[in-house]
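# Structural overview for review
Listed below, chain by chain, are the residues.
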Amino acid sequence: MKYGHFDDPRREYVVTRPDTPLPWLNYIGQEDYFGLCTNTAGGYSFWKDSRLRRLTRYRYNNVPYDLGGRYIYVNDAGTVWNPGWKPVKAELDSYECRHGMGYTKITGSKGGLEIELLFFVPLGRNEEIWKVTVRNRSKKRKSPRLFSYQEFCFYEALNDMTNYQRTYSIGEVEVEGSAIYHKTEYRERRNHYTLFACTRPIAGFDTDRDIFVGIHEGLHEARVPSSGKCAGSKAFGWNPIGAHEIDLDLAPGAEESFAFVLAYVEQGDRPRFEKPGLINKELGRQIVARYAKPGAVDAAFAELGRFWDDLLSNFQAELPDEHAARMLNAWNQYQCMATFNLSRSTSMYETGIGRGMGFRDSNQDILGFVHMIPARARERILDIASTQLSDGTCYHQYQPLTKKGNAEVGGDFYDDHLWLVLSTCAYVKETGDLSILEEPCGYADREYRIGADGRRAGAGGEPAESLLHHLELSIAYTMRKRGPRRLPLIGHADWNDCLNLNCFSTEPNESFQTAGVVGNSQAESVMIAGLFLHASREMSALYDFMKRPEDANRMLAQREEMLAAVESAGWDGDWYRRAYDAAGKPIGSKECEEGKIYIESQGWCVLGGAGADDASGPSRGRARKAMESVHKLLFTPKGVLIQQPAYSTYHVELGEVSSYPPGVKENAGIFCHNNTWIHLAWCQLGHGDRALEYYLSICPSAKQAEIDLYRSEPYVYAQMIAGRDAPCYGEAKNSWLTGTAAWTFVALTQGILGIRPDYRGLVVDPCIASAWKGFSATRRFRGAEYKIAVKNPKGRCKGVASVKVDGEAFDPVGAAAILPIFPAGTSHRIEIELG
Ligand code: BGC
Ligand code: NOJ
């Protein structure tokens, strides 16, 4: 591969040249403090919320795209360069970037000097480390000077990048020893600051960008690194930066290591000032001292490694396919953590000021994360639920810092609430913890207070409505909001944000997402109907588990009602229709000239159980027929197209979907997220060969062979791959923050490998490619370890013929094996034969 390769044993992607087809990103941080880090050390950092607590600056869509970040400049006897190539872009003698689990290590060398940079966020901490190791590989003594550089952000990122009449006058710093304290706005309402320090003595510093870089210079020709000497500038207004000068003296073969620490510090109840005008630096000094201790940085890094080993050990597998194996064992789960933490807020394509946490997005992200840290999934579910309103509407997005719904976007996306049912059921299946259902979460429009125990209660102290109440409300909301064909109304849009059937926008200055009146609309969504079939069945199973058969049956009765609507108004003859527009015309139908067939309703109607083989009457077998239509009309070797034929013109009655040029995004692109529903649907139908073929068609690891076309990172999913109507068919865009991560994990582990948590135990019901001779997997479930070995001597796709548990024959229930829940801490051998 031209740009790099996987190092599977170390769970690293090794980039071997810096000029990748796009900046290739990694994240550092796993809990509250996060940073973006590209393969040339570009990126920025924030705490919890990249809009409200942005710590360092980054200019999106810069020229080049990725410029600004965690830079180390070297001045080695007048030659200036960066180990990560940018921004100087001096030719390097060697370059390597290893993106790993929670860290990025970049090593560059030039003229006999090798510099290794390791970036990571220690566990449980609100700071990042830049460990620097300098090696003199030459035969001569060397006295290089190193300069650290990053630019401080004034926390509120939108204001920071727009309101210069103010920001140019408020920047303030203090310097104490090697520590630079960024304290803009601390004098007024902030009780926190940013610290940038070095663990070794420094030879100088700068905090004023105009001095360090210059007024007319770019980062590639910054003045101080070229001159070889820091000026000791103190920023007053304009643009504060943090830069240190480190003067080294290295004998041939010698090496030296030290670290920079960039920290977000909240003062809490401490006195805010130590002297008038001077901030209390007690916590900052403690942080510097912590990492100045010999071995502290390495110990923190080793702890991070153990954390990831442990987290990933919840699910590991040996598979006949190397792409599926490496994605499952490392990168897919790793991406699930990123989407769980960041939703759709912050990447190379999401600026951190546009969207906070998405309601539907975050619920889906939980599906790929809950097996790793269920306690965090629990907390997230409750946070999301409390952004629902008491009539069932949901805030479409919320800010992670305040946990409050985002009023600019509002609600009325009529699928949102149903995803809460899916995330909650996934959590209960994984953990068996029914107590979450009783948690008081309250509604966004009801006053509540948070008690000392962290629980929400009504304003008068009465318990706030429970999570179960939210789930009931969600189901009831869809039942209530139905249109003339008894299908769910769509609101601003459903999962497909671009199907804006009530928007009718002819005004370029308005947003497709929020324009239009949804109140009296008749536009209906078959996709939501399919999702409801699934969600109501999930609710019914949950009630069964709770031993509430009447409620379980009530859910099934509502499901039957919806199923009848799907089969009567949703079927088009060869596939399921997508929707009905506001005038009552079908969308995703043979009757349409363009947009005849859509993927989402095939996925959700089939997964929801419509058109089943055992159905009575005309709907029997429709699921298979719909999926064959997908294969014929939407499948390509590069993934399944979202719809066909692409819209060639703008349709005012359809909205944003028809605004994109044919072949990209929702207008007939390969939208990876919904491909995974099709993977699951093939598994449901027992078609393991198709499931694997489709899985591999969008698998990033498998894209290495055509990477100059694909362009995005080959180790994580992108939201979209251009479809065949586009001139750049096969090019991926918008990597990292996509629901594809969680859903692919579900499709591979629960669909193809068939290992799925259930209320009653762990189900194993694989649906593999007939050529697979078997596979093995280790799955931790409710504290016990299941070491599963599946053999496939007869070349089947599906069907468990025999099961042994710890060497003893075990009677499978039906066609699947439901393994018992074992005591926590025990380990069990499961042998399964397909036949
Ligand atoms: C994109 C969608 C996205 C939406 C978010 C649209 O422009 O095409 O994929 O979900 O914006 O607001
Ligand atoms: C991206 C959004 O984050 C997601 O919520 C939506 O479902 C898809 N785009 C499809 O429009």
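These remarks concern the structure in this document. The model shown is predicted, which means the values in this text are computed figures rather than measured ones. (Residues numbered from 1 in each chain as written. Chains lettered and ligands numbered in written order. Predicted model: local features only at pLDDT ≥ 70, side-chain atom pairs only at ≥ 80, totals over all residues. Heavy atoms only, no water.)

Across its full length, the protein holds 20 helices and 44 strands. In terms of overall size, the protein behaves like a compact globule, its C-alpha atoms giving a radius of gyration of 28 Å where 835 residues would be expected to give roughly 28 Å. Over its C-alpha atoms, taken along the principal directions, the protein stretches across nearly 85 × 60 × 55 Å. Burial analysis of the protein (835 residues in total) assigns 65% to the buried set. Across the protein, the fraction of contacts at a sequence separation of at least 24, relative to all contacts at a separation of at least 6, is 68%. Summed over all atoms, the accessible surface of the protein reaches about 29200 Å², with 51% contributed by carbon and sulfur. The protein carries 97 positive and 105 negative side-chain charges, and their two centres are separated by 2 Å. (Helix = DSSP H or I, 4+ residues; strand = E, 2+ residues; numbered from the N terminus. Rg over C-alpha atoms; globule rule 2.2 N^0.38 Å. Buried < 20%, exposed > 50% of the residue type's maximum accessible area, 1.4 Å probe, protein only. Contact = heavy atoms within 4.5 Å. Areas by Shrake-Rupley, 256 points an atom, 1.4 Å probe, with all protein chains shown as cover. Lys, Arg positive; Asp, Glu negative; His and termini not counted. Charge placed at Lys NZ, Arg CZ, Asp CG, Glu CD.)

A few words now on the nonpolar core. Residues Leu146, Leu195, Phe212 and Leu753 are the most contacted members of the largest nonpolar core, which totals 247 residues. The leading source of residues in this core is helix H7 (residues 322–342), at twelve residues. Apart from residues no more than four positions distant in its own chain, Leu146 is found in contact with Ile72, Tyr73, Val74, Ile115, Val132, Val134, His244, Glu245, Ile246, Leu248 and Phe258. (Core = buried A, V, L, I, M, F, W, Y, C linked by side-chain atoms within 4.5 Å.)

Near ligand 2, the surroundings consist of Arg344, Arg355, Arg360, Asp361, Trp495, Asn496, Asp497, Glu666, Phe671 and Gln719. Between ligand 2 and the protein, one listed contact pairs an oxygen atom with a side-chain N or O atom of Arg355 at 3.0 Å. In this structure, an oxygen atom belonging to ligand 2 sits 2.7 Å away from a side-chain N or O atom of Asp361. When ligand 2 sits alone it has 300 Å² of accessible area, and the protein chains cover 95% of it. A class-by-class count of the residues in the shell around ligand 2 yields two nonpolar, two polar and six charged. (Near = heavy atom within 4 Å. Polar contact = N/O pair within 3.5 Å; in protein donor to acceptor, adjacent residues only side chain to side chain. Nonpolar A, V, L, I, M, F, W, Y, C, P; charged D, E, K, R; others polar.)

Using the criterion set out here, one finds 76 salt bridges in the structure. Measuring nitrogen to oxygen at the nearest pair gives 2.5 Å for the salt bridge that ties Arg485 to Glu524. Of this pair, Arg485 sits in the loop between helix H12 (467–480) and strand S27 (524–525) while Glu524 is found in strand S27, placing the two residues 39 residues apart along the sequence. Across the pair Arg756 and Asp765 runs a salt bridge whose closest N-O atoms are separated by 3.5 Å. In this structure Arg756 comes out as partly exposed when scored by relative accessible area, which is 26%. A residue is classified by how much of its surface remains accessible, and Asp765, at 8% relative accessible area, is buried. Put simply, Glu174, Glu176, Lys183, Glu274, Lys281 and Arg285 are held in one network by salt bridges that share partners. (Salt bridge = Lys/Arg side-chain N within 4 Å of Asp/Glu carboxyl O.)

Right, let's get into the sheet that holds strand S43 (residues 817–819). Across the sheet, which stays open at both edges, the three strands sit in the order S37-S38-S43 with antiparallel pairing between neighbours. The open sheet has two free edges, formed respectively by strand S37 (755–758) and S43, since each of these has just one partner strand. Strand after strand, the sheet turns through a mean of 30° between neighbouring axes, direction not considered. The pairing of strand S38 (residues 761–764) with S43 spans three bridges and is classified as antiparallel. Counterpart to Val764 in the pairing with S43 is Ala817. (Pairing = 2+ DSSP bridges. Axes fitted to C-alpha atoms, helices over the stretch in contact; angles between N-to-C directions.)

Turning our attention to the packing of helix H15 (residues 599–607) against helix H17 (residues 672–684). Contact pair H15 / H17: the axes reach a minimum separation of 9 Å and the direction vectors enclose 40°. Crossing of H15 against H17: the hand is left-handed. Of H17, the residues touching H15 (which contributes Ile599, Glu600, Gln602, Gly603, Trp604, Val606 and Leu607) are Asn674, Asn675, Trp677, Ile678, Leu680, Ala681 and Gln684. Considered class by class, the residues forming the contact of H15 with H17 number eight nonpolar, five polar and one charged. (Left-handed = near helix turned anticlockwise from the far one by under 90°.)

Our focus in this paragraph is the site of ligand 1. Neighbouring ligand 1 are the residues Arg355, Asp497, Cys498, Gln513, Glu656, Tyr660, Lys665, Glu666, Phe671 and Gln719. Asp497 is positioned with one of its side-chain polar atoms (N or O) 2.5 Å from an oxygen atom of ligand 1. When ligand 1 is considered free in solution it has 310 Å² of accessible area, and contact with the protein chains removes 77% of it. For the shell around ligand 1, the class distribution of residues is three nonpolar, two polar and five charged.

The next point concerns the sheet that holds strand S2 (residues 12–15). Across the sheet, ten strands lie side by side as S1-S2-S9-S10-S11-S12-S19-S16-S15-S14; this open sheet has antiparallel pairing. Where the open sheet ends on each side, the last strands, each with one partner, are strand S1 (4–7) and strand S14 (173–176). Strand-to-strand twist in this sheet, taken as the mean axis angle between neighbours without regard to direction, amounts to 15°. Relative to strand S15 (residues 179–182), S14 runs antiparallel, the two being bridged by four bridges. Considered in S15, the bridge of Glu174 is made with Tyr181. Lying over the sheet, helix H5 (residues 282–292) contacts strand S12 (127–136), S14, S15, strand S16 (192–198) and strand S19 (255–266), oriented at roughly 30° with respect to S16. Sitting on the sheet, helix H6 (residues 296–312) is in contact with strand S10 (103–110), strand S11 (113–120), S12 and S19, with an inclination near 55° to S11.

In the contact formed by H6 and H7, the axes pass within 11 Å of each other and the chain directions differ by 100°. Judged by the angle between their axes, H6 and H7 are roughly perpendicular. On the side of H6, the interface is formed by Phe307, Trp308, Leu311 and Leu312, while H7 contributes Asn329, Ala330, Gln333, Tyr334 and Met337. Along the lines of polarity and charge, the residues of the contact of H6 with H7 split into seven nonpolar, two polar and no charged. (Parallel < 35°, antiparallel > 145°, perpendicular 65-115°, else oblique.)

This brings us to unusual backbone geometry. Residue Pro64 is bonded to the preceding Val63 through a cis peptide linkage, with omega at 0°. Within the secondary structure layout, Pro64 lies in the loop between strand S6 (54–56) and strand S7 (71–76). Between Lys86 and the following residue, Pro87, the backbone shows a cis peptide bond with an omega angle of 0°. Examined against the element boundaries, Pro87 turns out to sit in the loop between strand S8 (79–81) and strand S9 (94–100). Residue Asn61 is not a glycine yet carries a positive backbone phi of 50°.

Moving on, we get to the packing of aromatic side chains. Tallying each qualifying case throughout the model produces 50 aromatic pairs. When the centroid spacing of 5.8 Å and the interplanar angle of 75° are considered together, the rings of Trp419 and Trp604 count as edge-to-face. Taken as a pair, Trp419 in helix H10 (residues 416–431) and Trp604 in helix H15 lie far apart in primary sequence, 185 residues in all. The buried category is assigned to Trp604, whose relative accessible area is 1%. By way of ring pairs, the aromatic residues Tyr3, Phe6, Tyr13, Trp24, Tyr27, Phe307, Trp308, Trp331, Tyr334, Tyr715 and Trp736 are connected into one cluster. If you follow Arg200 out to its NZ or CZ, it ends over the ring of Phe258, 5.8 Å from the centre. The lysine or arginine in question, Lys638, covers the ring of Tyr729, its NZ or CZ lying 5.4 Å from the ring centre. (Phe/Tyr/Trp six-rings, centres within 6.5 Å; stacked < 30°, edge-to-face > 60°. Lys NZ or Arg CZ within 6 Å of the ring centre and 35° of its normal.)

The subject of this paragraph is the environment of Tyr149. Of note, Tyr149 is situated in strand S13 (residues 145–155). Given the relative accessible area of 3%, Tyr149 is considered buried. Taking C-alpha positions, Tyr149 is 5.7 Å from Gly242, a pair spaced 93 residues apart along the chain.

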